[in-house]
Amino acid sequence: MLWTAFILGFLGSFHCVGMCGPIALAVGGSGSKSFFYNKILYNLGRSVTYAILGLIIGNIGFPLSVAGVQQGFSIAMGVLILIMALSYKKADQFLTIPALSGIVIWVKRQLNRFLKAGGPFAFFGTGLANGLLPCGMVYMALIAALAFQSPLLGTTYMFFFGIGTIPMLLVLMYSGTLIPVGARQKFQKAIPYLGVLIGLLFIFRGLGLGMFFSPDLHVFDYGSQQVEITMCR
């Protein structure tokens, strides 16, 4: 199911154009070669931040896997993804609540500092900071990463999500008019449907029906610990 991360990132990038477009366009360079490398560094910075968030969220979910609640947790995360898919735009407002406003202000300060500094490291840092800005698509991807209950899979899922956003944002960086607004809107309309699909996949995964998308989860004793092993018939 890691493939869903790239597709979610690609479709999400059409939403990101409106949210992060001005920042992406501000990343430049003195020549065509440095211009391209700076754009890549910026996007890799975002992907690295997403991967770190995936690592954190994977470590949060891992104890639940060891505790033997993997199936029920997968179903719960699938339901949550369904809810997020139908209201992902409203999720952008999550970090605007007073309790977390200080974090957003700090991130914006770092973005301003990096953009003024210029240079490869600064553009990579711009991407790192930009990855922390509120985004409903990132929240949805993090919920999916949490459902894997694995630090490695969480990291990989979120990195693939970041990579998936790069093609569209690179196009925007080179030519903001290459893809018509109407086409962007059509891609954005597909986001909820993809979210619903991902949510259903995690629900079926949790049901353990013994199929490709719904494997059995067998629990074995290993010393004093219980270890869950996923098996497909």
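Because the structure is predicted, anything quoted here is derived from the model rather than measured.

## Description of the overall build of the chain
Counting its regular elements, the chain contains 8 helices and 2 strands. Along the chain direction, N to C, the helices and strands of the chain fall in the order α-α-α-α-α-α-α-α-β-β. A fraction of 74% describes how many contacts in the chain between residues 6 or more apart in sequence connect residues 24 or more apart. When the accessible surface of the chain is split by element, carbon and sulfur atoms take 72% of a total near 11,600 Å².

## A closer look at the nonpolar core
In terms of nonpolar packing, the biggest core is built from 30 residues, with Leu8, Tyr157, Met158, Phe161 and Ile198 touching the most fellow members. Going through the elements one at a time, α1 (3-26), α2 (32-66), α3 (70-86), α6 (136-148), α7 (151-174) and α8 (181-207) are the ones with two or more residues in this core. Among the elements that take part in this core, α6 stands out by supplying 12 residues, more than any other. Residue contacts for methionine 158: discarding those within four places in its chain leaves Tyr50, Ala51, Gly54, Val138, Ala141, Leu142 and Ala145.

## Re the side chain of serine 74
Structurally, serine 74 is set in helix α3. What makes serine 74 buried here is its relative accessible area of 1%. If we ignore the near neighbours within four places in the chain, the residues touching serine 74 are Phe202, Ile203, Arg205 and Gly206.

## Looking at a nonpolar patch on the surface
On the surface, Trp3, Phe6, Ile7, Leu44, Phe159, Phe160 and Leu197 cluster together into a nonpolar patch covering about 570 Å² of accessible area. If you list the elements that add at least two residues to the nonpolar patch, you get α1 and α7. At 3 residues, α1 tops the list of elements feeding residues into the nonpolar patch. Owing to a relative accessible area of 31%, leucine 44 belongs among the partly exposed residues under this scheme.

Rules of the game
Residues numbered from 1 in each chain as written. Predicted model: local features only at pLDDT ≥ 70, side-chain atom pairs only at ≥ 80, totals over all residues. Heavy atoms only, no water. Helix = DSSP H or I, 4+ residues; strand = E, 2+ residues; numbered from the N terminus. Contact = heavy atoms within 4.5 Å. Areas by Shrake-Rupley, 256 points an atom, 1.4 Å probe, with all protein chains shown as cover. Core = buried A, V, L, I, M, F, W, Y, C linked by side-chain atoms within 4.5 Å. Buried < 20%, exposed > 50% of the residue type's maximum accessible area, 1.4 Å probe, protein only. Patch = residues over 30% accessible without salt bridge, like charges linked within 9 Å, V, L, I, M, F, W, Y side chains within 5 Å. Salt bridge = Lys/Arg side-chain N within 4 Å of Asp/Glu carboxyl O.

Everything listed is a geometric property; what it means functionally is a separate question.
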